[in-house]
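Summary of structural features
Each chain is listed here by its residues.
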Amino acid sequence: LSMPEFFVGIGAQKCASTWLYQILSDHPEVALSATKEIDFFFHWYNRGYQWYEQHWTLMPSVRVFGEVSPSYFCETAVPERLKRYNPNARILPSLRDPVDRAVPNHLHEIRLGPLKGPDLSFEFGLRNNPMYLEQSRYGYHLSRWFQSFPAEQILILFMDDIETDPREVEIRVQQFLGIDTGHRSAALD
């Protein structure tokens, strides 16, 4: 048996990465990590490949395996680390309007607790956290990914397209990964 193909959903944060994870989670030809955000190539790289690879059980029916970690999108070391691990990896960045992305990011920071105090305004969040803007520098971050991987290994997804026609986007993802396009995820809508 040949080894299944490998893919990574890379975000950006608040850009439908959970949707991507969910539509792939019930596909019979996909082995997805049990945890959505392993963050190996960013936070846990020091644990090594053996630690990383224990996140999947590859059954004979599996054609592709992978993970979805939005933290990978804007971290500078990740594209080359991922390329060293698997130069044939398929990359799935998901994006949305930068302002529409930053507002839920702000609410996420309030909900998780890093942003506290009497002023929880979006404007204060922008001044306080440089990552609000950094994560929305799509051209800059994508250029690093395209330096590490050829264009045919990268499929950019847009949240507007997912909201307009989720099934069409699901089929594009399935075609890109080389898996059965007849499968319709229970999480699609």
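Attention in this report is confined to the structure presented alongside it.

A large share of strand 3 (residues 64–68) lies buried, amounting to five of its five residues. On strand 3, burial covers both faces: Val64, Gly66 and Val68 on one face and Phe65 and Glu67 on the other are all buried. Both strand 1 (residues 5–11) and strand 3 contribute to a ladder of five bridges, which runs parallel. Residue pairing across strands places phenylalanine 7 opposite glycine 66, the latter belonging to strand 3. As judged from the three bridges shared by strand 2 (residues 30–32) and strand 3, these two strands associate in the parallel manner. Looking across to strand 3, one finds that alanine 31 is bridged to phenylalanine 65. The parallel pair strand 2 and strand 3 is bridged by helix 2 (residues 48–53), and the resulting crossover is right-handed.

All right, on to a negative patch on the surface then. Taken together, Asp97, Asp100, Asp160 and Glu163 make up a surface patch of like negative charges. Inspection of the secondary structure assignment puts aspartate 100 in helix 4 (residues 98–112).

Each value, and the rule that gives it
- Residues numbered from 1 in each chain as written.
- Predicted model: local features only at pLDDT ≥ 70, side-chain atom pairs only at ≥ 80, totals over all residues.
- Heavy atoms only, no water.
- Buried < 20%, exposed > 50% of the residue type's maximum accessible area, 1.4 Å probe, protein only.
- Helix = DSSP H or I, 4+ residues; strand = E, 2+ residues; numbered from the N terminus.
- Pairing = 2+ DSSP bridges.
- Right-handed = clockwise from strand over helix to strand, strands pointing away.
- Patch = residues over 30% accessible without salt bridge, like charges linked within 9 Å, V, L, I, M, F, W, Y side chains within 5 Å.
- Areas by Shrake-Rupley, 256 points an atom, 1.4 Å probe, with all protein chains shown as cover.
- Salt bridge = Lys/Arg side-chain N within 4 Å of Asp/Glu carboxyl O.
- Lys, Arg positive; Asp, Glu negative; His and termini not counted.
- Charge placed at Lys NZ, Arg CZ, Asp CG, Glu CD.

It is worth stressing that arrangement in space is one thing and function is another; only the former is reported here.
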